Amino acid sequence: MPGQTRPQDSTTHTVSTEEDLLHVRHAVRAATVLAGFGIVDQTRVVTAASELARNAYVHGGGGTLTIEIVRRLGTTGIRLTVEDEGPGISDVEAALTDGFTTGTGLGHGLGGARRLMDDFAVRSEPGRGTVVTATRWHTRRA
């Protein structure tokens, strides 16, 4: 189907310890290399993944990160899906605003991750957790 995104390769990683955060960064870096991303886009995706995974760990009590290499209209991308079963985000728009924080951080994580990726969506329900899906598309045709 034209325009449809389909996964080519997928791995899921548990995020429940500080060590898992390091493992996630390495796994995302490897996926960006496999997908043919240059160093700048590799860094963008790894940074976004690190922020999202840390949020799931710190605010959501842990969760999972799924890394997918996807294709759409001949272009390769990396899709990150971070899920947790934490308290959820009561005001997603506020949480995406720079400076908003519920912890001790600077409040740039969620909004910063959104700026680093091409497609970004947050689904959250208070008391039921959060799912963030973010995709970065390769700038060249595959």
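Shown above is the structure to which this text applies.
Attention in this report is confined to the structure presented alongside it. Remember, it's a predicted structure, so these values are computed and weren't measured experimentally.

Criteria and cut-off values
- Residues numbered from 1 in each chain as written.
- Predicted model: local features only at pLDDT ≥ 70, side-chain atom pairs only at ≥ 80, totals over all residues.
- Heavy atoms only, no water.
- Axes fitted to C-alpha atoms, helices over the stretch in contact; angles between N-to-C directions.
- Helix = DSSP H or I, 4+ residues; strand = E, 2+ residues; numbered from the N terminus.
- Parallel < 35°, antiparallel > 145°, perpendicular 65-115°, else oblique.
- Left-handed = near helix turned anticlockwise from the far one by under 90°.
- Contact = heavy atoms within 4.5 Å.
- Nonpolar A, V, L, I, M, F, W, Y, C, P; charged D, E, K, R; others polar.
- Expected span 1.5 Å × (residues − 1).
- Buried < 20%, exposed > 50% of the residue type's maximum accessible area, 1.4 Å probe, protein only.
- Salt bridge = Lys/Arg side-chain N within 4 Å of Asp/Glu carboxyl O.
- Pairing = 2+ DSSP bridges.
- Polar contact = N/O pair within 3.5 Å; in protein donor to acceptor, adjacent residues only side chain to side chain.

1. Describing the packing of helix α2 (residues 39-58) against helix α4 (residues 109-116)
Next, step 1: Two elements in contact, α2 and α4, have axes separated by 9 Å at closest approach and are oriented at 150 degrees. On the basis of the axis angle, α2 is roughly antiparallel to α4. Judged by the sense of rotation from one axis to the other, the crossing of α2 with α4 is left-handed. From α2, Arg44, Thr47, Ala48, Glu51, Leu52 and Asn55 reach across to α4, where they touch Gly109, Leu110, Ala113 and Leu116.
Next, step 2: Among the residues forming the contact of α2 with α4, the class breakdown is five nonpolar, three polar and two charged.

2. Section: α2
Next, step 1: Counted at 1.5 Å a residue, the expected span for α2 with its 20 residues is 28 Å, and the 28 Å between its end C-alpha atoms agrees.
Next, step 2: For α2, the set of buried residues is Asp41, Gln42, Val45, Val46, Ala48, Ala49, Ser50, Leu52, Ala53 and Ala56.

3. Topic: the pattern of salt bridges
Next, step 1: Across all of its chains, the model carries six salt bridges by this definition.
Next, step 2: Between Asp41 and Arg44 there is a salt bridge, with the nearest N and O atoms lying 2.7 Å from each other. Of this pair, Asp41 and Arg44 both sit in helix α2, separated by three residues, roughly a single helical turn.
Next, step 3: According to the relative accessible area criterion, Asp41 is buried, its value standing at 10%.
Next, step 4: For Arg136, the salt bridge is made with Asp118, and the minimal N-O distance between the two is 3.6 Å. In this pair, Arg136 is assigned in strand β5 (residues 129-141) and Asp118 in the loop between α4 and β4 (119-125), connecting sequence segments 18 residues apart.
Next, step 5: A relative accessible area of 11% places Arg136 in the buried class.
Next, step 6: Bridged by salt links that share partners, the residues Asp41, Arg44, Asp118 and Arg136 form one connected network.

4. A short note on the pairing of strand β3 (residues 75-84)
Next, step 1: Among the ten residues in β3, nine count as buried, and that is most of the element.
Next, step 2: Relative to β3, strand β2 (residues 63-72) runs antiparallel, the two sharing ten bridges. When the bridges of β3 are listed, Thr64 appears paired with Glu83.
Next, step 3: The antiparallel hairpin formed by β2 and β3 contains two residues in its connecting segment, where Leu73 sits at a positive phi of about 50 degrees.

5. Description of the environment of Asp84
Next, step 1: One can find Asp84 in strand β3.
Next, step 2: A C-alpha to C-alpha distance of 9.6 Å links Asp84 and Ser124, two positions 40 residues apart in sequence.
Next, step 3: Leaving out residues up to four positions away in the same chain, Asp84 has contacts with Ala56, Gly60, Gly62, Gly63, Arg128, Gly129 and Thr130.
Next, step 4: Of note is the side chain of Asp84, whose polar atom sits 2.9 Å from the backbone nitrogen of Gly86.

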